[in-house]
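Analysis of the macromolecular model
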Amino acid sequence: MKTPIKKSGSVQWKFWLRGIGLAGLTTLFVFLLISASAGENVRECSALQISIDGKQDLFFIDPQAIRNELGSLDADTFLGRPIREINLSRIERALDQLPHVARTEAWIGTGGALCVNVEQRVPLLRVIHIKGVSYYLDIHGEKM
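**Section: the sheet that holds strand β1 (residues 47-53)**
Within a sheet, neighbouring strands are paired by backbone hydrogen bonds and run either parallel or antiparallel to one another. Taken together, the 3 strands give an open sheet; going across it, the order is β1-β3-β2, and neighbouring strands pair in mixed fashion. One side of each edge strand has no neighbouring strand; the edge strands of this open sheet are β1 and β2 (101-108). Between one strand and the next, the sheet's axes are offset by a mean angle of 15°, whatever the strand orientation. Here β2 runs beside strand β3 (residues 113-120); their pairing, made up of 7 bridges, is antiparallel.

Right, dumping it as structure tokens:
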């Protein structure tokens, strides 16, 4: 019959030290994760950055028109407000309602900047009514 091999004192010591070190690293990781999450909630909006997709050289909408629309949403007062109070989906829905906007994306960028990217609709043809009213139809047949 074989006798069980006993671990020496230094091997047990290394085992416990490794376990304590792993528990300490796990605790540190959880602490850093919680503090980063808490810091994100108190961070404030620092700037408003508007970009308009200009690949087609269309000029139906400009950054000032976007700022005016955001002003009606009180988005111009977002500067200095906590990021958690900014409703990005509400901003996207409101800007998507503009006649010359195909799609909007809003996000919080580095440094707490509110970034808004607007993609313009692409006109296909211009319709001029007999009464002098004119409008454009985009590539999907929707009125602009």
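Having put the structure on the table, let's press on.
**What to know about the nonpolar core**
With 16 residues, the main nonpolar core has Ile66, Leu70, Ile91, Leu95, Leu114 and Val116 as its most contacted residues. When residues of this core are traced back to their parent elements, those giving at least two are β1, α2 (63-72), α3 (88-96), β2 and β3.

**Describing the confidence of the model for the protein**
For the protein, per-residue confidence averages 79 on the pLDDT scale, and 81% of positions sit at 70 or higher. Within the protein, no element has a lower average pLDDT than helix α1 (residues 9-42), which sits at 77, and none a higher one than α3, at 90.

**A look at the packing of aromatic side chains**
One pass over the full model with this rule turns up 1 aromatic pair. Between Phe15 and Trp16, the aromatic rings sit 6.0 Å apart at their centres with planes inclined by 75°, giving edge-to-face as the arrangement. Trp16 matches Phe15 in its accessibility class, with the two residues each being exposed. When the ring centre of Tyr135 is taken as reference, the NZ or CZ atom of Lys143 above it lies at 4.4 Å.

**Examining the packing of α2 against α3**
Direction vectors running N to C along α2 and α3 enclose 125°, while the axes themselves pass 10 Å from each other. The pairing of α2 with α3 is recorded here as oblique in orientation. Crossing handedness for the pair α2 and α3: right-handed. Residues Ile66, Glu69 and Leu70 of α2 lie in contact with α3, whose contacting residues are Ile91, Ala94 and Leu95. Tallied by class, residues from the contact of α2 with α3 come to 5 nonpolar, no polar and 1 charged.

**Some thoughts on the pattern of salt bridges**
Opposite charge on two side chains permits them to pair, given that their charged atoms come into close proximity. Scanning the entire structure with this criterion turns up 4 salt bridges. In this structure, Arg81 and Glu85 form a salt bridge, with 3.4 Å as the shortest nitrogen-oxygen distance. Classification of Arg81 as partly exposed rests on a relative accessible area of 25%. Among the residues examined, Glu85 registers a relative accessible area of 41% and is labelled partly exposed. Glu142 is paired through a salt bridge with Arg121; the nearest N and O atoms lie 3.3 Å apart. Linking Glu142 in the segment after β5 (134-138) with Arg121 in the loop between β3 and β4 (123-128), this pair joins segments that are 21 residues apart in sequence. What you see here is one network of salt bridges that share partners, running through Arg103, Glu105 and Glu119.

So, how was this worked out
- Residues numbered from 1 in each chain as written.
- Predicted model: local features only at pLDDT ≥ 70, side-chain atom pairs only at ≥ 80, totals over all residues.
- Heavy atoms only, no water.
- Pairing = 2+ DSSP bridges.
- Helix = DSSP H or I, 4+ residues; strand = E, 2+ residues; numbered from the N terminus.
- Axes fitted to C-alpha atoms, helices over the stretch in contact; angles between N-to-C directions.
- Core = buried A, V, L, I, M, F, W, Y, C linked by side-chain atoms within 4.5 Å.
- Buried < 20%, exposed > 50% of the residue type's maximum accessible area, 1.4 Å probe, protein only.
- pLDDT = per-residue confidence, 0-100.
- Phe/Tyr/Trp six-rings, centres within 6.5 Å; stacked < 30°, edge-to-face > 60°.
- Lys NZ or Arg CZ within 6 Å of the ring centre and 35° of its normal.
- Parallel < 35°, antiparallel > 145°, perpendicular 65-115°, else oblique.
- Left-handed = near helix turned anticlockwise from the far one by under 90°.
- Contact = heavy atoms within 4.5 Å.
- Nonpolar A, V, L, I, M, F, W, Y, C, P; charged D, E, K, R; others polar.
- Salt bridge = Lys/Arg side-chain N within 4 Å of Asp/Glu carboxyl O.

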